Amino acid sequence: MTRHGKNCTAGAVYTYHEKKKDTASSGYGTQSVRLGKDAIKDFDCCCLSLQPCRDPVVTEDGYLYEKEAILQYILHHKTEIAKKMKAYEKQKQALKSEGQLESKSEERERAEKFKQRENNIVSKPINPFTSEKSEDEGSQKSSSSASSSDTGASSSSSALPSFWIPSLTPEAKPTLLKKPSKTVLCPMSGRPLKMSDLISVRFTPLDSSLDRVALLTRQDRYVCVVTKDTLGNSVPCAVLRPSGAVVTMECVEKLIQKDMIDPVTGDKLKEKDIIPLQRGGTGFAGSGVDLKAKEARPVMQA
């Protein structure tokens, strides 16, 4: 029985398959895995909870969310921003008080230097009969001061500070906080998100007689409000802003863009009122959706 080429270990060449196999088992290097159909969310599922939406809303970029989940996300981030802003204001006030203390200490030092300078000025008249004695006394004082300075220098050089003592070690300064941004960002697109930007979505069920539980068990749940085509990940669809109705992109291109009127409410439409809905892939490469997931891991360098 012949050996398989992929399991051959007696070859002189380190093959690509062996390198890939060793990289996967070693725990190093970036790993990329192709996602299957089971790993892709349906078009009517929330981007946060990954569950079918009960009360769906869509952003201007076309990302679908459960209304409760996205409102909870926005409120949570607003409280976090308020906490960060409070800490930043506290730090700002502390730095301001430290600056005031430093300025006061500098003014005190200037006043003390000025007093010393004024006290050193000689205001008494010089007696000509005691000038020689004073010169002799001054020379003796200078010699004694020089000798004392030499002894002080030797003593200071001999007594060096001990940097390993905890009281003499340098203190670590706290990290300065930056002013936090007050805008809440969309978890999918990363663009600013407000509650007023959320648009309610109304899906048209395939069978209106079914309740929500029975509807969720079916694979085909919703249809286009105009053409009654079944909606899914393989069908590009869009949301109309005035009515929140979901229609296929084919319906938009062939019917709605001719007169630009909402087929449900009859309101006049603009280009920004037609929001393409972001959908998952179908598991096939031809769907045009990136179906690869990458995991960054440490790289072995020679």
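Residues numbered from 1 in each chain as written. Predicted model: local features only at pLDDT ≥ 70, side-chain atom pairs only at ≥ 80, totals over all residues. Heavy atoms only, no water.

What follows covers the environment of Asn 233. Residue placement: Asn 233 occurs in the loop between β6 (222–223) and β7 (237–240). For Asn 233, a relative accessible area of 12% gives the class buried. For Asn 233 and Gln 278, which are 45 residues apart along the polypeptide, the C-alpha to C-alpha distance reads 9.2 Å. A distance of 3.1 Å separates a polar atom in the side chain of Asn 233 from the backbone oxygen of Lys 41. Within the local environment of Asn 233, its side chain forms a polar contact with the backbone nitrogen of Phe 43, the two atoms lying 2.8 Å apart. (Helix = DSSP H or I, 4+ residues; strand = E, 2+ residues; numbered from the N terminus. Buried < 20%, exposed > 50% of the residue type's maximum accessible area, 1.4 Å probe, protein only. Polar contact = N/O pair within 3.5 Å; in protein donor to acceptor, adjacent residues only side chain to side chain.)

Let us look at the sheet that holds β7. One open sheet accounts for three strands, arranged β8-β7-β9; its pairing is antiparallel. The open sheet terminates on both sides in strands that have one partner only, identified here as β8 (246–248) and β9 (274–276). Sheet twist, expressed as the mean angle between neighbouring strand axes with direction ignored, is 35°. In terms of strand pairing, β7 meets β9 through three bridges, oriented antiparallel. Its bridge partner being in β9, Val 239 is matched across the sheet by Ile 275. Docked against the sheet, helix α5 (residues 249–259) engages β7, β8 and β9, running at close to 80° with respect to β8. (Pairing = 2+ DSSP bridges. Axes fitted to C-alpha atoms, helices over the stretch in contact; angles between N-to-C directions. Contact = heavy atoms within 4.5 Å.)

The residue Leu 50 is not glycine, and still its phi comes out positive at about 60°. Positionally, Leu 50 belongs in the loop between β1 (31–34) and β2 (56–58). Non-glycine residue Met 260 carries a positive phi angle of around 55°. By secondary structure assignment, the location of Met 260 is in the loop between α5 and β9.

Our focus in this paragraph is the sheet that holds β2. Read across the sheet, three strands follow the order β3-β2-β4 without closing on themselves; strand pairing throughout is antiparallel. Pairing within the sheet leaves two strands with one partner each, and these edge strands are β3 (64–66) and β4 (199–200). Pairing between β2 and β3: three bridges, direction antiparallel. Across the sheet, the residue bridging to Pro 56 is Glu 66, located in β3. Set on the sheet, helix α2 (residues 67–119) makes contact with β2 and β3; between it and β3 the angle comes to about 85°.

The next point concerns a negative patch on the surface. A contiguous patch of negative charge, built from Glu 98, Glu 102, Glu 106, Glu 107, Glu 109 and Glu 112, is present on the exposed surface. Structurally, Glu 109 is set in helix α2. (Patch = residues over 30% accessible without salt bridge, like charges linked within 9 Å, V, L, I, M, F, W, Y side chains within 5 Å. Areas by Shrake-Rupley, 256 points an atom, 1.4 Å probe, with all protein chains shown as cover. Salt bridge = Lys/Arg side-chain N within 4 Å of Asp/Glu carboxyl O. Lys, Arg positive; Asp, Glu negative; His and termini not counted. Charge placed at Lys NZ, Arg CZ, Asp CG, Glu CD.)

Further remarks concern the state of the cysteines. For the coordinates displayed, the defined rule picks out zero disulfides. Of all cysteine sulfurs, the one in Cys 53 lies closest to Cys 46, which takes part in no disulfide; the gap is 5.0 Å. On the accessibility criterion, Cys 46 (0% relative accessible area) is buried. (Disulfide = S-S within 2.5 Å.)

So, on to the side chain of Ser 243. When you line up the elements, Ser 243 lands in the loop between β7 and β8. At a separation of 2.8 Å, a polar atom in the side chain of Ser 243 contacts the side chain of Asp 262. Leave out the neighbours within four places in its chain, and Ser 243 touches Arg 202, Asp 262, Val 264 and Thr 265.

For the rest of this paragraph, the subject is the packing of aromatic side chains. Tallied over the full model, the rule gives two aromatic pairs. Taking 5.8 Å as the distance between ring centres and 85° as the angle between the ring planes, the aromatic pair formed by Phe 43 and Phe 203 counts as edge-to-face. Linking Phe 43 in the loop between β1 and β2 with Phe 203 in the loop between β4 and β5 (204–205), this pair joins segments that are 160 residues apart in sequence. Relative accessible area serves as the criterion here: at 5%, Phe 43 is assigned to the buried category. Judged by centre distance (4.7 Å) and plane angle (25°), the ring pair of Phe 203 and Tyr 222 falls under stacked. Taken together, the residues Phe 203 in the loop between β4 and β5 and Tyr 222 in strand β6 connect sequence positions 19 residues apart. Residues Phe 203 and Tyr 222 agree in their burial class; the two are buried. By way of ring pairs, the aromatic residues Phe 43, Phe 203 and Tyr 222 are connected into one cluster. (Phe/Tyr/Trp six-rings, centres within 6.5 Å; stacked < 30°, edge-to-face > 60°.)

What follows deals with α2. In a regular helix each residue adds 1.5 Å, so 53 residues correspond to 78 Å; α2 covers 78 Å between its end C-alpha atoms and thus fits that length. Every buried residue of α2 is accounted for by Ile 70, Tyr 73, Ile 74, Ile 81, Met 85, Tyr 88 and Gln 91. Looking at the buried side of α2, the elements it contacts are β2 and β3. (Expected span 1.5 Å × (residues − 1).)

None of this, on its own, says anything about what the molecule does.
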